[in-house]
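Descriptive analysis of the structure
Here's the letter readout for the chains.
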Amino acid sequence: MDRLESMQVLLAIVAAGSLSAAGRQLGMPLATVSRKLSELEAHLKTQLLLRSTRQLTLTEAGRNYVAACQRILDEVHDAERAAAGEFSAPRGELVVSAPIVFGRLHLLPVMCEFLQHYPDVKVRLALSDRNVNLLEDHVDLALRIGSLPDSGMTAAPVGTIARIVCASPVYLAEHGRPLSPYDLSGHGCVSFDVLGVADRWRFSMGGAEVAIPIQPRLATNTAEAAIDAAIAGLGVTCVLSYQVEEALRTGQLAVLLREFEPAAIPVSLLYLGHSYLPLKLRALRDFAVPRLRARLQGANATLMEQ
């Protein structure tokens, strides 16, 4: 049994979602794919995949083994690239993931500057508010907003963002300015429910984080819609600071309840640790981290002036 080939077949099955799809991807007959999987499970003396007519599901042993296979094959590929000279200069393609609005406002300018400095590198920037799986989605570098679970990934902190409450000057002139989170019960609110429970917003009060009930007049699943509704004077909204930078800068919205803001949310760049980190990835990490830190520090300083 060719163990490395069997590992590659297993990863292809997991990525494709079926043995037949993996066979098409690998240019290998279905019977061969099935045989190699069976040989691997027999060699390991454990079942890696639970098969049904509709889907394949990794067993716990399978999940652990797939993660180990990916690390092993990555190191083999890195060693081959190093021997071939790829590590002598940044070149090749990188896949980078980021949330849609943050990626457009902050990461895209950094990527454009990076590509001007490194003409032999190409970047595929995937903007999505879904937290991608770096291993399964074949992502080299991901920007993540929020606390990070323990994992095999390496994190490079680049700063923090705030969760802020704001409303338009027109709305505040008509309805008054809330002085405490409890005052929100008397205000119409525009809820961005991706941040959490649609009818409760979290604040820091008395040294603890407290969930305050609100009365949403409108609940939406995009920050842009919530911000547009707040600018139109529909009510008070709660969004992430970077999502509302332009509206605050132009005076379309005003920050409320600043002294009750909950703890800042960390922002990090994530990548899978390697014994041989490709130069193209190391170059991007080293280029992006200080620039993103500077951008977030500048944005936070501007926010404090509002």
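Okay, so let's go over this structure. (Residues numbered from 1 in each chain as written. Predicted model: local features only at pLDDT ≥ 70, side-chain atom pairs only at ≥ 80, totals over all residues. Heavy atoms only, no water.)

Turning next to the side chain of His187. Here His187 lies in the loop between helix 6 (169–175) and strand 8 (189–192). Within the structure, His187 has its side chain in polar contact with the side chain of Tyr171 (distance 2.9 Å). Discounting chain neighbours no more than four positions away, the residues touching His187 are Tyr171, His175, Gly176, Pro178, Gln215 and Val236. (Helix = DSSP H or I, 4+ residues; strand = E, 2+ residues; numbered from the N terminus. Polar contact = N/O pair within 3.5 Å; in protein donor to acceptor, adjacent residues only side chain to side chain. Contact = heavy atoms within 4.5 Å.)

Here we take up the sheet that holds strand 6 (residues 153–161). Either a parallel or an antiparallel arrangement is found when strands of a sheet pair, and the pairing is made through backbone hydrogen bonds. A sheet is described by the order of its strands in space; here five strands give the open sequence 4-3-5-14-6, paired in mixed fashion. Every other strand in the sheet has two partners, leaving strand 4 (121–127) and strand 6 as the edge strands with one partner each. For this sheet, the mean inter-axis angle between neighbouring strands, taken without regard to orientation, is 20°. Relative to strand 4, strand 3 (residues 92–98) is paired through seven bridges, and the arrangement is parallel. Among the inter-strand pairings, Ala98 is bridged to a residue of strand 4, identified as Leu127. Set on the sheet, helix 5 (residues 100–117) makes contact with strand 3, strand 4, strand 5 (141–145) and strand 14 (265–272); between it and strand 4 the angle comes to about 175°. (Pairing = 2+ DSSP bridges. Axes fitted to C-alpha atoms, helices over the stretch in contact; angles between N-to-C directions.)

So, on to helix 2 (residues 19–26). Of the residues making up helix 2, those classed as buried are Leu19, Ala21, Ala22 and Gly23. Of the surrounding elements, those touching the buried residues of helix 2 are helix 1 (3–16), helix 3 (30–44) and strand 2 (56–58). The positive-phi residue at the C-terminal boundary of helix 2 is Gly27, with phi of around 65°. (Buried < 20%, exposed > 50% of the residue type's maximum accessible area, 1.4 Å probe, protein only.)

Moving on to the side chain of His106. On the secondary structure map, His106 appears in helix 5. A residue is classified by how much of its surface remains accessible, and His106, at 4% relative accessible area, is buried. A distance of 3.1 Å separates a polar atom in the side chain of His106 from a polar atom in the side chain of Arg295. In contact with His106, not counting residues within four places along its chain, are Tyr242, Glu245, Leu292 and Arg295.

So, about the pairing of strand 5. Counted residue by residue, strand 5 has four buried out of five residues, so it is predominantly covered. Note: strand 3 against strand 5, two bridges, orientation parallel. Bridge pairing links Ser97 to Ala142 in strand 5. Pairing geometry for strand 5 and strand 14, over four bridges, is antiparallel. Looking across to strand 14, one finds that Arg144 is bridged to Ser268.

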